[in-house]
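Listed below are the residues making up each chain.
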Amino acid sequence: MSNITNIDDLVEPTHDEHARQRFVSVLRKHVTADFAQDMRTVYDDRVAPAFEKTHGRKPATGMEIRKAMKNEPIFQEWTALSYNAQQMTWWSVQPSIERRLPELVQSAKDAARATPAGGTLRLNPDVVMPKSVSDIDIHLMPGSFAAEHGADDVAQGALYHHGTGVFAGGIVHRTKGGWGATTARYFKLRHPEFVPKTHLDIGCTVGRELFSVMDVYPQAQTYAVDVGAPVLRYAHARAEAMGKTVHFSQQNAETLDFDDATFDLITTSFFFHEISVPSARKILREAYRVLKPGGLMINQEMPPSSFVKDPYYDFATDTWNELFNNEPHVRNFRQQDLPKLFADAGFAEKNYVEISVPNYGTWPDALFEACVRGEAVPPEVENGQAWYSFGAWK
């Protein structure tokens, strides 16, 4: 660990702000779990039987369920509550961030100057900003990932870090790791011969999943890219305080400036569903170019429709994110033939990888390892207890 202050610790909510954040966390849990289950009950008990009576079969796709559910009062109430709870997530942390913003900016500048962990930060004001970032507040987060409110700004990084803590009820800041830890440990157990020397994380935001992968592969020289300067400044300050050596740079992953065959490992986390399919194709081609022979690209994502067994999952996931959470590309991406996308980028079809692994952060180590070894059946991704990942070896 470093002797500089972690930028995360500078945001100190007041008593009332903390109470408000706790309320929003509980409200989100109620909407996403309890209320969502009530909505599922209405679908199972009334909507699905009515559809089957009319059509002589059960609904086969998420879109069919969306059309059948759109006029149901409980669906309308669920979407309204979900939308408001999502907005309140960000609003609940904004006052404490804005109050300490000068100190946050100074902390990031101090970390960039001192670099006790030896990391670097390259910013490019001329980077081509994707419209999915510049024109849309993804997840309803005000300013998305790239808005700058002043010189050397870090506000969006702080907003994303602390907002996601409220979003998940603080769980993401308390467990032993999420997707990054889960997937990296999976490959370390299944492929002990794979010891990456270089690692690139694309769409790193503030580095949470990146740092988890680094914990599993500490020997790898690590690079991370994002288009948003505020999240990169914030991530760099976090890394330096945590003693993690990362070389951050502001880049559009469609046109990376790294040499061919630079990286043994490339990772992304909940990244591809936020971008258009044409953009995804360009990024996969770039990933193939900068990946070394024998290297691995692995991406955590919402599972594609072809992977899930229940079309209701498609309805609930796609409808909310596409129509109400400013994620217009999610349904189209989840309909793609992912092995073909990788093949089109240059990867051999036989090297495609698709896995579902229990969440390492919440499952006992012994059961997690048994699932990885194939001695136990992992839970279904639809119930939220497992992570889905896809990718390929080169």
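Scroll up to find the structure this text is about.
As a convention, each chain's residues are numbered from 1 in the sequence order in which they are written. Side-chain atom pairs in this predicted model are given and counted only at pLDDT of 80 or more, local residue features only at pLDDT of at least 70, and totals for whole chains, interfaces and linings cover all residues. In computing side-chain properties, one takes all heavy atoms of the structure into account and sets aside hydrogens as well as water.

### Some details on the overall build of the chain
In step 1: Secondary structure assignment for the chain yields 14 helices and eight strands.
In step 2: In this description the radius of gyration comes from C-alpha coordinates, and the expected globular size is given by 2.2 Å times residues to the power 0.38. In summary, the chain has a C-alpha radius of gyration of 21 Å against a globular reference of 21 Å for 394 residues, a match within 12%.
In step 3: Expressed along its principal axes, the backbone C-alpha trace of the chain runs to roughly 70 × 55 × 45 Å.
In step 4: Looking at the chain as a whole, 53% of its 394 residues qualify as buried.
In step 5: Within this scheme the basic residues Lys and Arg register as positive and the acidic residues Asp and Glu register as negative, but His and the chain ends are omitted. In this description, the location of a charge corresponds to atom NZ of lysine, CZ of arginine, CG of aspartate or CD of glutamate. Computed over 40 positive and 50 negative side-chain charges, the inter-centroid distance for the chain is 3 Å. A run of DSSP states H or I qualifies as a helix once it reaches four residues; a run of E qualifies as a strand once it reaches two. Both are numbered from the N-terminal end. Buried means the residue's accessible area, taken with a 1.4 Å probe over protein chains only, is under 20% of the maximum for its type, while exposed means over 50%, and partly exposed covers the values in between.

### Some details on the pattern of salt bridges
In step 1: What makes a salt bridge here is a side-chain nitrogen of Lys or Arg within 4 Å of a carboxyl oxygen of Asp or Glu, nothing more. Tallying each qualifying case throughout the model produces 27 salt bridges.
In step 2: Glu72 serves as the salt-bridge partner of Arg46, at 2.4 Å between the closest nitrogen and oxygen. Placement of Arg46 in helix H1 (residues 15–55) and of Glu72 in the loop between helix H2 (62–69) and helix H3 (73–99) is noted, with a sequence separation of 26 residues between them.
In step 3: By relative accessible area, which is 47% here, Arg46 ends up partly exposed.

### Comments concerning the sheet that holds strand E7 (residues 352–358)
Adjacent strands of a sheet pair through backbone hydrogen bonds, lying either parallel or antiparallel.
In step 1: Paired strands, in this sense, are two strands between which DSSP finds at least two bridges. Strands sit in the order E1-E4-E3-E2-E5-E6-E8-E7 across an open sheet of eight strands; the sheet is mixed. The sheet is open, and its two edges are formed by strand E1 (120–122) and E7, each paired on a single side. When strand polarity is set aside, the average angle formed by the axes of neighbouring strands in this sheet is 20 degrees.
In step 2: In this sheet, strand E4 (residues 246–250) lies alongside E1 in parallel orientation, the contact comprising three bridges. What sits directly across from Thr120, in E4, is His247.
In step 3: Contacts from helix H10 (residues 277–290) reach strand E2 (198–202), strand E5 (263–269) and strand E6 (291–301), with the element oriented near 145 degrees to E6. Orientation is described by lines fitted to C-alpha atoms, with helices fitted over the stretch in contact, and by angles between N-to-C directions that extend from 0 to 180 degrees. In this analysis, two residues are considered to be in contact whenever any of their non-hydrogen atoms come within 4.5 Å of each other.

### Comments concerning the nonpolar core
In step 1: What we call a nonpolar core is a set of buried Ala, Val, Leu, Ile, Met, Phe, Trp, Tyr and Cys residues that are connected through their side-chain atoms within 4.5 Å. Residues Leu200, Ile202, Ile266, Phe272, Met297, Phe342 and Phe390 are the most contacted members of the largest nonpolar core, which totals 31 residues.
In step 2: Elements supplying a minimum of two residues to this core: E2, E5, H10, E6, helix H13 (338–345) and strand E8 (386–393).
In step 3: Ranked by the residues each element gives to this core, the list is headed by H10, at six residues.
In step 4: With residues near it in sequence (within four places) discarded, Phe342 still touches Leu284, Met297, Asn299, Phe347, Tyr352, Phe390, Gly391 and Ala392.
In step 5: Listed in part, the 27 residues of the second largest apolar core include Leu140, Phe145, Tyr160 and Ala237.

### Some thoughts on the pairing of E4
In step 1: Across the five residues of E4, five count as buried, placing the element largely inside the fold.
In step 2: Covered by surrounding structure in E4 are Val246, Phe248 and Gln250 together with His247 and Ser249, the residues of both alternating faces.
In step 3: Note that strand E3 (residues 221–226) and E4 share five bridges and pair parallel. Residue pairing for E4: Thr222 is matched across the bridge by Val246.

### Notes on the pairing of E5
In step 1: With respect to burial, E5 is a largely interior element, six of its seven residues being buried.
In step 2: Across three bridges, E2 lies against E5 in parallel orientation. Note that in E5 the partner of His199 across the bridge is Leu265.
In step 3: Sheet analysis places E5 next to E6, joined by six bridges and oriented parallel.

### Remarks on unusual backbone geometry
In step 1: Positive phi values are uncommon outside glycine, yet Thr115 reaches one of about 40 degrees.
In step 2: Of note in the backbone geometry, Ser144 takes a positive phi value of approximately 50 degrees without being a glycine.
In step 3: Checked against the element boundaries, Ser144 lands in the loop between helix H5 (131–134) and helix H6 (155–167).
In step 4: According to the relative accessible area criterion, Ser144 is buried, its value standing at 0%.

### Some thoughts on the side chain of Ser132
In step 1: Residue placement: Ser132 occurs in helix H5.
In step 2: The exposure class assigned to Ser132 is buried, which follows from its relative accessible area of 12%.
In step 3: In this structure Ser132 touches Ile138, Glu274, Ile275 and His329, once residues within four positions along its chain are discounted.

### Remarks on the environment of Pro125
In step 1: Of note, Pro125 is situated in the loop between E1 and H5.
In step 2: Residue classification places Pro125 among the exposed positions, given a relative accessible area of 76%.
In step 3: Residues Pro125 and Val227, 102 residues apart in the sequence, show an inter-C-alpha distance of 9.7 Å.

### Considering the packing of H6 against helix H9 (residues 229–242)
In step 1: Interhelical geometry of H6 versus H9 gives an angle of 65 degrees and a closest axis separation of 6 Å. One way to sum up the angle between H6 and H9 is to call them roughly perpendicular. Crossing of H6 over H9 shows right-handed handedness. Contacts between H6 and H9 involve Gln156, Gly157, Ala158, His161 and His162 on the former and, on the latter, Pro230, Val231, Tyr234 and Arg238.
In step 2: Charged residues are taken to be Asp, Glu, Lys and Arg, nonpolar residues to be Ala, Val, Leu, Ile, Met, Phe, Trp, Tyr, Cys and Pro, and polar residues to be all remaining types, Gly included. Here the residues of the contact of H6 with H9 sort into four nonpolar, four polar and one charged. Note on terminology: angles under 35 degrees are roughly parallel, angles over 145 are roughly antiparallel, angles of 65 to 115 are roughly perpendicular, and the others are oblique. The handedness criterion is simple: a crossing whose near helix is rotated anticlockwise from the far helix by less than a right angle is left-handed, and one whose near helix is rotated clockwise is right-handed.

### Observations regarding the side chain of Glu327
In step 1: Position of Glu327 relative to the elements: it lies in the loop between helix H11 (311–324) and helix H12 (330–334).
In step 2: For the buried Glu327, no salt bridge is present, and the opposite-charge side chain at shortest range is Arg28, 9.4 Å distant.

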